[in-house]
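# Structural overview
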Number of protein chains: 2
Amino acid sequence: MAYIDLQNDLPGIRGPMAYRPDTGRALNVLAELLLHDDANTLSRGERELIGAYVSSENDCFFCQNVHGALAQHYFGWDMPFLDSIKKDYLSAPIPDKLKSLLSIAGSVRKGGKYVTSEQIAHAKRLGATDREIHDTVLIAAAFCMFNRYVDGLNTWAPQDRQVYVDRASMRAKDGYADMNLYK
Amino acid sequence: MAYIDLQNDLPGIRGPMAYRPDTGRALNVLAELLLHDDANTLSRGERELIGAYVSSENDCFFCQNVHGALAQHYFGWDMPFLDSIKKDYLSAPIPDKLKSLLSIAGSVRKGGKYVTSEQIAHAKRLGATDREIHDTVLIAAAFCMFNRYVDGLNTWAPQDRQVYVDRASMRAKDGYADMNLYK
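Notes on the structure in this doc start here. On a predicted model such as this, the values are computed, not experimentally measured, just so you know. Numbering of residues begins from 1 in every chain and follows the order in which that chain's sequence is written. Just so you know, chain letters begin at A and ligand numbers begin at 1, following the order they were written in. The model is predicted, so local features are restricted to residues of pLDDT at least 70 and side-chain atom pairs to those at 80 or more, both for listing and for counting; the totals for chains, interfaces and linings are taken over all residues. Calculated side-chain values reflect all of the structure's heavy atoms, with hydrogen atoms and water omitted.

Turning our attention to the overall build of chain A. What counts as a helix is a DSSP run of H or I of at least four residues, what counts as a strand is a run of E of at least two, and both are numbered from the N terminus. From N to C terminus, chain A includes nine helices and zero strands. Order of helices (α) and strands (β) in chain A, N terminus to C terminus: α-α-α-α-α-α-α-α-α. In terms of C-alpha radius of gyration, chain A reaches 16 Å, essentially the compact-globule figure of 16 Å for 183 residues. Counting only C-alpha atoms and orienting by the principal axes, one finds that chain A spans roughly 50 × 40 × 30 Å. Working definition: with a 1.4 Å probe on protein chains only, accessible area under 20% of the residue-type maximum means buried, over 50% means exposed, and in between means partly exposed. Buried positions account for 60% of the 183 residues belonging to chain A. Considering chain A, the positive charge centre built from 21 side chains and the negative charge centre built from 23 side chains are found 4 Å apart. Our radius of gyration is a C-alpha quantity, and the globule rule it is checked against amounts to 2.2 Å times the number of residues to the power 0.38. When charges are counted, Lys and Arg are positive and Asp and Glu negative, with His and the chain ends excluded. One atom stands in for each charge, and that atom is NZ of Lys, CZ of Arg, CG of Asp or CD of Glu.

Set out below in structure tokens:
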């Protein structure tokens, strides 16, 4: 049960977002720009995977399942494959460039100063652009916020992981925020 | 020097915010709502202090000085007094309720699951409302993002702490975002 009376029964981050809608909207606008907006050379799947990976390392059940299901949806992966990436992405059959970005995201998760110039140089050698590195850092940083918002208030989450898989296509279609309202 | 070419010479978070202005604006809207908006029973000074404390624990020089200077500005404190709070807030002559919120913020910084029901109950006994606890958790979580954005990209920051003090009154007046543009 959440530590405060959220005045709604919504799961995960949706509870506190509805409790304070103005900050909820700002968070959703940020998620839309980082994860769903198509003006990006990183695919939606790659960006959702970065968020799911950071959430997994932060042990946030709600976020890792919401965004893991979205990564599955975009890539056409099943749950065991996604789980194998979260467990050991270096051994997974995914592109080396994506691995280099997950490495940067993992360091950001620990703290900004854990990122090294060697990690950045490695990602650039594998073809990562400045903008892709920027977005990787900000996505990882943003999930450090989302995860803490969800668990710091002790929100509840559906335990059946299939629930998240079933919702992913709707979220992929609708995105996180109606940007027509954000001028 | 920043790990990527930010195409500007702005210090701290202002560099990557100008590099990607759409996400920069979303971050500034969030900061405005959490820290500057006056529709809050926590004072601006209390909210800036929470941000400065989390940034100090995360060892983010830029953020702890920007927001520490703002806390000083609102409270009328000098730098040694602010530093004494960052170093040992439990021994500082500040209200017990504020100490209980700093304790929650410190746990959020480590990770959402570090917050305990005992910390929440203690804050509530000292008069903290649900909304104040909500905002404390989200402010602390947001600074875990801001700090990682600043240091994960290795941005530069003025080393003379007086620079931050001198800018604080302007920031207090202008806030973080023009909310008239955010409908």
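A few words on the interface of chain B and chain A. Accessible area lost on assembly of the parts is the figure often given for the size of an interface. Here, two residues are considered to be in contact whenever any of their heavy atoms come within 4.5 Å of each other. Taken together, the contact pairs 47 residues of chain B with 47 residues of chain A. Each reported salt bridge corresponds to a side-chain nitrogen of Lys or Arg within 4 Å of a carboxyl oxygen of Asp or Glu. One can count four salt bridges joining chain B with chain A. By the criterion applied in these results, polar contacts are pairs of N or O atoms within 3.5 Å in which, for protein atoms, one can donate a hydrogen and the other can accept it, and in which residues neighboring in sequence qualify only through two side-chain atoms. Linking chain B with chain A are 20 residue pairs in polar contact (both at pLDDT 80 or more), by the criterion used here. Elements with a contribution of two residues or more to the side of chain B that touches chain A: helix 1 (14–19), helix 2 (21–36), helix 6 (96–110), helix 7 (117–125) and helix 8 (130–152) of chain B. In terms of residue count, helix 8 of chain B provides more of the side of chain B that touches chain A than any other element does, 15 residues in total. All amino acids are sorted into three groups, where Ala, Val, Leu, Ile, Met, Phe, Trp, Tyr, Cys and Pro are nonpolar, Asp, Glu, Lys and Arg are charged, and the leftover types, Gly among them, are polar. By residue class, the composition of the side of chain B that touches chain A is 24 nonpolar, eight polar and 15 charged.

Least-squares superposition of the copies uses the C-alpha atoms of those residues scoring a pLDDT of at least 70 in each of them. Structural alignment of chain B on chain A gives an RMSD of 0.0 Å, achieved by rotating through 180° and translating 0.0 Å along the axis. The operation mapping one copy onto its partner corresponds to a two-fold rotation axis. Most of the interface of chain B is mirrored in chain A, where 100% of its interface residues are also at the interface.

For A:Asn40, the location among the structural elements is in the loop between helix 2 (21–36) and helix 3 (44–57). Discounting residues that sit within four places of it in the chain, A:Asn40 has contacts with A:Leu34, A:Arg47, A:Arg131, A:Asp135 and B:Arg20.

Each packed pair of helices is defined by two parameters, the angle between the axes and the distance between the axes. Residue and element names in this part refer to chain A. Look at helix 3 against helix 6 (residues 96–110): their axes get within 10 Å of each other, and the N-to-C directions meet at 40°. Taken together, helix 3 and helix 6 sit at an angle that is classed as oblique. The hand of the helix 3/helix 6 crossing is right-handed. Taken together, the residues of helix 6 that come into contact with helix 3 (itself represented by Glu46, Leu49, Ile50, Tyr53, Val54 and Glu57) are Leu98, Leu102, Ala105, Gly106 and Arg109. Tallied by class, residues from the contact of helix 3 with helix 6 come to seven nonpolar, one polar and three charged. Lines are fitted to the C-alpha atoms to define the axes, a helix being fitted only along its stretch in contact, and any angle between axes, read from their N-to-C directions, falls within 0 to 180 degrees. Orientation categories follow fixed angle ranges, with anything under 35 degrees roughly parallel, anything over 145 roughly antiparallel, 65 to 115 roughly perpendicular, and all other angles oblique. Put simply, a crossing is left-handed when the front helix is turned counterclockwise from the back one by less than a right angle, and right-handed when it is turned clockwise.

What follows concerns the pattern of salt bridges. Counted under the stated rule, the structure contains 20 salt bridges over all chains. Between A:Lys86 and A:Asp83 there is a salt bridge, with its nearest N and O atoms 3.7 Å apart. Here A:Lys86 pairs with A:Asp83, and both are found in helix 5 (residues 79–87), just three residues apart, close to one helical turn. The exposure class of A:Lys86 is buried, given its relative accessible area of 9%. The shortest N-O distance in the salt bridge between B:Asp38 and B:Arg44 comes to 3.0 Å.

This part is about the packing of aromatic side chains. Aromatic rings considered in pairs are described by the distance between their centres and by the relative angle of their planes. Stacked, tilted and edge-to-face are the three classes applied to pairs of Phe, Tyr and Trp rings, where Trp contributes its six-membered ring and a pair requires centres within 6.5 Å; stacked means planes under 30 degrees apart, edge-to-face means over 60, and tilted covers the rest. Per the stated rule, a full pass over the model turns up 12 aromatic pairs over all chains. Both rings, one in B:Phe143 and one in B:Phe146, keep their centres 5.3 Å apart while their planes meet at 85°; by these two values the pair is edge-to-face. With B:Phe143 and B:Phe146 both in helix 8, this residue pair falls three residues apart, about one helical turn. Accessibility expressed as a relative area gives 6% for B:Phe146, which makes it buried. Of the aromatic side chains, those joined through ring pairs into one cluster are A:Phe61, A:Phe62 and A:Tyr164.

Residues and elements named next belong to chain B. Position of Ser169 among the secondary structure elements: in helix 9 (residues 161–174). Ser169 sits in the partly exposed class, given a relative accessible area of 42%. Taking the C-alpha atoms as reference points, Ser169 and Tyr74, 95 residues apart in sequence, are found 8.8 Å from one another.

This part takes up the environment of A:Val163. All names here are of chain A. Mapped onto the elements, Val163 comes out in helix 9 (residues 161–174). Owing to a relative accessible area of 31%, Val163 belongs among the partly exposed residues under this scheme. Sequence spacing of Val163 and Ala69 is 94 residues, and the spatial spacing of their C-alpha atoms is 9.3 Å.

Looking now at the environment of B:Trp77. Along the chain, B:Trp77 falls in the loop between helix 4 (61–75) and helix 5 (79–87). Not counting chain neighbours up to four residues away, the residues in contact with B:Trp77 comprise B:Leu49, B:Ala71, B:Gln72, B:Leu82, B:Ile85 and B:Ile94.

The subject of this paragraph is the nonpolar core. Counting 126 residues, the largest nonpolar core has A:Leu102, A:Met145, A:Phe146, B:Leu102, B:Met145 and B:Phe146 as the members making the most contacts within it. Beyond its immediate chain neighbours, meaning those up to four positions away, B:Leu102 contacts B:Leu49, B:Ile50, B:Tyr53, B:Ile85, B:Tyr89 and B:Ile94. Only buried residues count toward a nonpolar core. Its members are Ala, Val, Leu, Ile, Met, Phe, Trp, Tyr and Cys residues joined through side-chain atoms within 4.5 Å.

Residue and element names in this part refer to chain B. Burial in helix 5 covers these residues: Met79, Leu82, Ile85 and Lys86. What you see down the axis of helix 5 is that its buried residues fit within an arc of 120°, all on one side. Facing away from the buried side of helix 5, by more than 90 degrees, are the exposed residues Pro80 and Lys87. If you check the start of helix 5, you find a side-chain oxygen 3.0 Å away from the backbone N of Phe81, and it comes from Asp78. The directions considered for the arc are those from the helix axis to the C-beta atoms.

Note that every value here comes from positions in space, so none of it alone points to a role or purpose.
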